[in-house]
Amino acid sequence: MLEVTDLSVYYGEARALEDISITMDQGEVVAVLGANGAGKSTLVNTMAGIIPARSGQVLLDGAPLQRLASHKVVGEGIALVPEGRMLFNQLTVAQNLKLGAYSLDDRSEIGALQQTVYDLFPILHDRRDQKAGTLSGGQQQMVAIGRALMARPRYLLMDEPSLGLAPIIVDDMFDLIVRVHEMGIGVLVVEQNVARTLEICDRGYVLEQGTLALSGTREELLGSSAVREAYLAM
Amino acid sequence: MQQWIQALITGLLLGGLYATLSLGFSLTWGLLRTINFAHFGFALLASYVTYELSTVHGFDPLLTLVATVPIGVALSLGLQWFVSKVKLDMFGTLVATFGLLLVLEAAISRYWLQDLRRIPTENNPWLSNVLSVGPYTMPVVQILGLVAAVALCGFSWWLLQRSRAGYAIRASVENPTMARAFGIDATRLGYLIAAISGVSVAIAGSMIGILYALSPASALIWVPVTLAVVLLGGLANPVGVAISATALALAESFTRQFADPSLAQLVALGILVIVLLFKPSGLFRPTVEVSER
């Protein structure tokens, strides 16, 4: 169980999140929806330990994660696919993937994870010695996801994975989220593409200006007139 | 012909010293974003410790590395600790370390005074220990220095380009936040780089103590050539450091042999200015390209 309880995050005096509580378990795909500036990225970055919270907690199976140094969070099984991919552009694809597993020690396990990633994205195997910064947007997104999977996560936090991708690749991306979920990994996905996201998620939360506006199952969100008007233009 | 080959040998050996002295400066600038002018103070202190231990206590000058290397490492680690605690930006490190250099110079001139110091010949077997091959001569201690330079630059290259720690260091220079998100503890890796810098600056300093006369002001003599090596060689690029150091030392050696010896010190700066005019990024690429913030 991954939980966020009464989380508030500020940038200086500017409020980014106020009293957010969400919960998910490893068998779920959970969507976080909302307009630009609603605080979605802040939420996942705080959960990944790279932004400090002002108050509230992020709990993994009941244990608070903020007590850990930020570089220890990934070792607990939470990996981030950040907005804008944020690869190590000057390193090769293979080196990016290996660094994804930096928190692991067992070489044979790292090799097996790498094989899993190459099976998922055969093109990355062909490009393994190419600098990540020279790949196309879609391939870079594959590296970002592959790098996160290399951390052997129990929960994968994906921030705008379809942003900036060609429409044909966006379809692949949503298929991929389903496949990752089928590997037994809980997926928290932040998306602007609400229609596609609501096809694949189990539940969702809607943020508005840093607060929680709405939450519910996929069906409840699809049935909500607020969601339909604001995000689905129906 | 004989003069040419001797100048070539002398230059190659001098290149070893330049590379050893420049490597740490280049690594800390390129990877830790610390422009460490105190580096020259660390080298000077190592030189004086070598002088003191061999002159006053009768140690073999080369054996003084047992003392100078730990001192160099401790000073480099201490500086890295300070820089990361105080969170200095790159310009801040330049100012702070320049201040530290002045402090070290003042401390040295208080203890060893302003006089020119040199290990007496009877305490310094290495000055006369020369390997002769036909008509050519090579000081053995400089051959050892060249071996040390190759080992240090080679190890640094391997570390950065071939080891997991090296990927991690490069990743955390390029994108510190994401590196942390994937479990990379940049602080610990920073100490590793600082330690390598400390080892090489101590070896360079002891070599200088064995080969040259010392005065508290002599730290500054090494600044131009080091800056030239570092800027031409690409920041934190150990291979670039080795090649630039050799090239500049050769140019200096030939100038000394065939032109005016008093110009030799200016050669490095002259080459630096000319290269930067035509190729402002230097001759080699930095190990990590960082967009200046």
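By convention here, each chain's residues receive numbers from 1 onward along its written sequence. Throughout, the order in which chains and ligands are written sets their labels, letters from A for the former and numbers from 1 for the latter. For a predicted model such as this one, the threshold for reporting local features is a pLDDT of at least 70, and the threshold for listing and counting side-chain atom pairs is 80 or more; totals across whole chains, interfaces and linings nevertheless cover every residue. Side-chain metrics in this entry use all non-hydrogen atoms of the structure; hydrogen atoms and water are not considered.

Visitor: Even after reading the chapter, I still don't get the overall build of chain A, so can you show me in this structure?
Guide: Runs of E in the DSSP output that reach at least two residues are strands. Runs of H or I that reach at least four are helices, and both are numbered from the N terminus. Tallying secondary structure elements over chain A gives nine helices and ten strands in all. For 234 residues, the compact-globule estimate of 2.2 N^0.38 gives 17 Å, and the C-alpha radius of gyration of chain A, at 17 Å, lies within 12% of that figure. Expressed as lengths along the three principal axes of its C-alpha atoms, the size of chain A is roughly 45 × 40 × 30 Å. Considering chain A as a whole, with its 234 residues, one finds that 52% of them fall into the buried category. Considering only intrachain contacts with a sequence separation of at least 6, the fraction spanning at least 24 residues in chain A is 68%. In this description, accessible areas are obtained by the Shrake-Rupley approach with a 1.4 Å probe, and a residue is regarded as covered only by the protein chains that are shown. Summing over all exposed atoms, chain A offers an accessible surface of approximately 9,900 Å²; the carbon and sulfur share of this is 48%. Two residue types count as positive, namely Lys and Arg, and two as negative, namely Asp and Glu; His and chain ends fall outside the count. Charge positions come from single atoms, namely NZ of Lys, CZ of Arg, CG of Asp or CD of Glu. Here chain A contributes 19 positively and 29 negatively charged side chains, and the mean placements of these two sets differ by 7 Å. All radius of gyration figures rest on C-alpha atoms, and the globule criterion is 2.2 Å times the number of residues raised to 0.38. In this scheme, a residue with accessible area under 20% of its type's maximum is buried, one over 50% is exposed, and one in between is partly exposed, where area comes from a 1.4 Å probe on protein chains only. Should any heavy atoms of two residues lie within 4.5 Å, those residues are considered in contact.

Visitor: In this structure, what is going on with the pattern of salt bridges? I would like to understand it.
Guide: Any two side chains of opposite charge can pair if their charged atoms end up close together. Residue and element names in this part refer to chain A. By salt bridge we mean one thing: a side-chain nitrogen of Lys or Arg within 4 Å of a carboxyl oxygen of Asp or Glu. In this structure the tally under the stated criterion is eight salt bridges over all chains. For the salt bridge of Arg-152 with Glu-109, the shortest nitrogen-to-oxygen distance reads 2.6 Å. Residue Arg-152 is located in the loop between α5 (137-149) and β7 (155-159), and its partner Glu-109 is located in helix α3 (residues 107-120); the two are separated by 43 residues in the primary sequence. Note on Arg-152: relative accessible area 43%, which makes it partly exposed. Between Asp-171 and Arg-196 there is a salt bridge, with the nearest N and O atoms lying 2.4 Å from each other. You can see Asp-171 sitting in helix α6 (residues 167-182) and its partner Arg-196 sitting in helix α7 (residues 194-200), a full 25 residues away along the chain. Taking relative accessible area as the criterion, Asp-171 reaches 36% and is therefore assigned partly exposed. With a relative accessible area of 18%, Arg-196 lands in the buried category. Where salt bridges share partners, they join Asp-171, Arg-196 and Glu-199 into one cluster.

Visitor: Before we go on, may I ask you to explain unusual backbone geometry in this structure?
Guide: Peptide bonds are trans in most cases, and residues, glycine excluded, mostly fall at negative phi. Residues and elements named next belong to chain B. Its identity as a non-glycine residue notwithstanding, Lys-87 has a phi of 55 degrees, on the positive side. As for its placement among the helices and strands, Lys-87 is situated in the loop between α3 (65-86) and α4 (90-112). Residue class for Lys-87 comes out exposed when judged on its relative accessible area of 70%. Of note, Ala-236 is a non-glycine position whose phi angle comes to about 60 degrees, a positive value. Tracing the sequence through the fold places Ala-236 in the loop between α10 (223-233) and α11 (238-258). Of the residues examined, Ala-236 reaches a relative accessible area of 1% and is grouped as buried.

Visitor: Mind showing me how you'd approach the packing of aromatic side chains here?
Guide: Aromatic ring pairs are described here by two measures, namely the spacing of the ring centres and the angle between the planes. Classification of ring pairs rests on two measures: the distance between centres of Phe, Tyr or Trp rings, Trp counted by its six-membered ring, which must be within 6.5 Å, and the angle between planes, read as stacked under 30 degrees, edge-to-face over 60 and tilted in between. Counting across every chain of the model gives 14 aromatic pairs over all chains. Residues Phe-25 of chain B and Phe-37 of chain B carry aromatic rings whose centres are separated by 5.9 Å and whose planes lie at 85 degrees to one another, so their mutual orientation is edge-to-face. One end of the pair, Phe-25 of chain B, is in helix α1 (residues 2-32); the other, Phe-37 of chain B, is in the loop between α1 and α2 (38-55), and twelve residues separate them in sequence. When its relative accessible area of 12% is taken as the criterion, Phe-37 of chain B is described as buried. Where Tyr-48 of chain B meets Tyr-51 of chain B, the ring centres are 6.4 Å apart and the plane angle is 80 degrees; that geometry is what we call edge-to-face. One end of the pair is Tyr-48 of chain B and the other is Tyr-51 of chain B, both in helix α2 and three residues apart, which spans about a single turn. Of the two residues, Tyr-48 of chain B and Tyr-51 of chain B, both sit in the buried class. Of the aromatic side chains, those joined through ring pairs into one cluster are Phe-25, Trp-29, Phe-37, Phe-40 and Phe-98 of chain B. By definition here, charges over rings are those cases where NZ of Lys or CZ of Arg is within 6 Å of the ring centre and within 35 degrees of the ring normal. When the ring centre of Tyr-10 of chain A is taken as origin, the NZ or CZ atom of Arg-54 of chain A, which lies over that ring, is 3.8 Å away. Above the ring of Phe-88 of chain A, the side-chain terminus of Arg-147 of chain A is found at 5.0 Å from the ring centroid.

Purely geometric numbers; function is a separate question.
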